[in-house]
Amino acid sequence: MSTGEELLRAHGLRVTRPRLAVLEVLNAGGHLEVDEVARRVRTRLDSVSTQAVYDVLGALSRAGLARRIEPAGSPARFEARAGDNHHHIVCRGCGEVADVDCATGEPPCLTPSSTHGFSVDEAEVTFWGLCPSCQTRRTADTVA
């Protein structure tokens, strides 16, 4: 397992405390909004601006160490799982996001009806529904 310092260097990035802290936060899991990443980073560092967190997330995303997703109607979220072309399922009730492995075969996992000459290397699919908690709440609301 590579350390954060090794990962940053291997991807051509300078090693900085904010970058290491953001990597640590993302590696803990989840699909986090920038404000949540910043809040968690601030528990590790004396101070860091939200803009610095945006900058780090951008650099990590461009380097392939983080993935940015933007479910419709939701702020951008970031995760450490990158480069495997997995998909997401989003709860319409509470906004919870979960990973869904590739729908079929190897990336891009789907074949478009026409590529218009593009060389396709990724497909972004978002499944929508209700998470178990929201299903339970909806059932309780209809019974009451």
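Use the structure listed above.
Read on for a plain summary of the structure.

Analysis parameters
- Residues numbered from 1 in each chain as written.
- Predicted model: local features only at pLDDT ≥ 70, side-chain atom pairs only at ≥ 80, totals over all residues.
- Heavy atoms only, no water.
- Helix = DSSP H or I, 4+ residues; strand = E, 2+ residues; numbered from the N terminus.
- Buried < 20%, exposed > 50% of the residue type's maximum accessible area, 1.4 Å probe, protein only.
- Contact = heavy atoms within 4.5 Å.
- Lys, Arg positive; Asp, Glu negative; His and termini not counted.
- Charge placed at Lys NZ, Arg CZ, Asp CG, Glu CD.
- Core = buried A, V, L, I, M, F, W, Y, C linked by side-chain atoms within 4.5 Å.
- Pairing = 2+ DSSP bridges.
- Polar contact = N/O pair within 3.5 Å; in protein donor to acceptor, adjacent residues only side chain to side chain.

A few words now on the overall build of the protein. Secondary structure summary: the protein contains five helices and six strands in total. For the protein, the sequential pattern of α-helices and β-strands runs α-α-β-α-α-β-β-β-β-β-α. When burial is assessed residue by residue, the protein has 32% of its 144 residues classed as buried. Residue pairs in contact within the protein that sit at least 24 positions apart in sequence constitute 43% of those at least 6 positions apart. A distance of 5 Å separates the average location of the 16 positive side-chain charges in the protein from that of its 19 negative side-chain charges.

Another aspect to go through is the nonpolar core. Ranked by size, the top nonpolar core spans 23 residues in total, and within it Val22, Leu26, Val37, Val41, Val53, Leu57 and Leu60 carry the most contacts. Looking at this core, the elements that each hand over two or more residues are helix 2 (17-27), helix 3 (34-42) and helix 4 (50-63).

As a further point, take the pairing of strand 5 (residues 97-100). The sheet contact formed by strand 4 (residues 87-91) and strand 5 spans four bridges and is antiparallel. Within strand 5, the position partnered with His88 by the bridge is Asp99. Where strand 4 folds back on strand 5, the antiparallel hairpin that results is connected by five residues, among which Gly95 adopts a positive phi of roughly 85 degrees.

Glancing now at helix 2. By the burial criterion, the buried members of helix 2 are Arg19, Ala21, Val22, Leu23, Val25 and Leu26. Buried residues belonging to helix 2 abut helix 1 (4-10), strand 1 (32-33), helix 3, helix 4 and strand 3 (77-79). Between the side-chain oxygen of the N-cap and the backbone nitrogen of Arg19 there are 3.2 Å, and the N-cap of helix 2 in question is Thr16. Backbone geometry just downstream of helix 2 places Gly29 in the positive-phi region, at approximately 105 degrees.

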